[in-house]
Amino acid sequence: TKGVQGAGVWQHSARTRLSHPVGVSYIEISSRQMRKFRPDVSLSNKIKLFNGRIGCGTCHNIYSGQRFMLVRDNSGSKLCFECHIK
C-alpha cells in the first residue's frame, strides 16, 4: 500500500505496477546476494543510502531535474542498473 511506514514495499501507483522495497538494508542484501546487487561502495554518488538502507531519496531527488524526480536518467533502466546486476 502507498504510504508504507518503516521497512516494506512501496507501491508507486496501481497504473504502473511499479514497486520497490524501502527501509531495507542495501548493505546487507548486497553482501548476501553479490551476483544480483553491486557493492554499496561502487554506487554512484547520486545514489543515497540512509544508514545503509534504501529510502525514497535513494532513487528520487526533488532537485534532479529528471522525469519523476529520479536522481539520474532511467532510459534503458540505467538507474535500476546502478544497484541491480542483470
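If you're wondering where the values come from, they're calculated on a predicted model, not measured in any experiment. Per chain, residue numbering runs from 1 following the sequence as it is written. In view of the model being predicted, local features appear only for residues whose pLDDT reaches at least 70, and side-chain atom pairs are presented and counted only at 80 or more, with totals across whole chains, interfaces and linings using the full set of residues. Side-chain calculation: all heavy atoms of the structure are included, whereas hydrogens and water are not.

## Comments concerning the side chain of Thr-58
For clarity, the cut-off: Helix and strand definitions follow DSSP, with helices as H or I runs of at least four residues and strands as E runs of at least two, each counted in order from the N terminus. For each residue, the accessible area found with a 1.4 Å probe, counting protein chains only, is set against the maximum for its type, and the residue is called buried under 20%, exposed over 50%, and partly exposed in between. Whenever two N or O atoms come within 3.5 Å, that pair is a polar contact, provided that in protein one can donate a hydrogen and the other can accept it, and provided that, for residues adjacent in sequence, both atoms are side-chain atoms. By definition in these notes, contact holds between two residues if any of their heavy atoms fall within 4.5 Å.
Of note, Thr-58 is situated in helix α2 (residues 56-59). For Thr-58, a relative accessible area of 4% puts it in the buried group. Among the polar contacts made by the side chain of Thr-58, one reaches the main-chain carbonyl oxygen of Lys-48 at a distance of 2.6 Å. Aside from chain neighbours lying at most four places away, what touches Thr-58 is Lys-46, Ile-47, Lys-48, Leu-49, Phe-50, Arg-53 and Val-71.

## Brief notes about the pattern of salt bridges
How we decide: Definition used for salt bridges: Asp or Glu carboxyl oxygen within 4 Å of a side-chain nitrogen of Lys or Arg.
On inspection of all chains with the given rule, the structure shows 3 salt bridges. A salt bridge links Glu-82 to Arg-72, with the shortest nitrogen-to-oxygen separation between them at 2.8 Å. Pair noted here: Glu-82 is in helix α3 (residues 80-83) and Arg-72 is in the loop between α2 and α3, with a separation of 10 residues, a long-range link. The partner of Asp-73 in a salt bridge is Lys-78, and the shortest N-O contact between them spans 3.9 Å. By relative accessible area, which is 33% here, Asp-73 ends up partly exposed.

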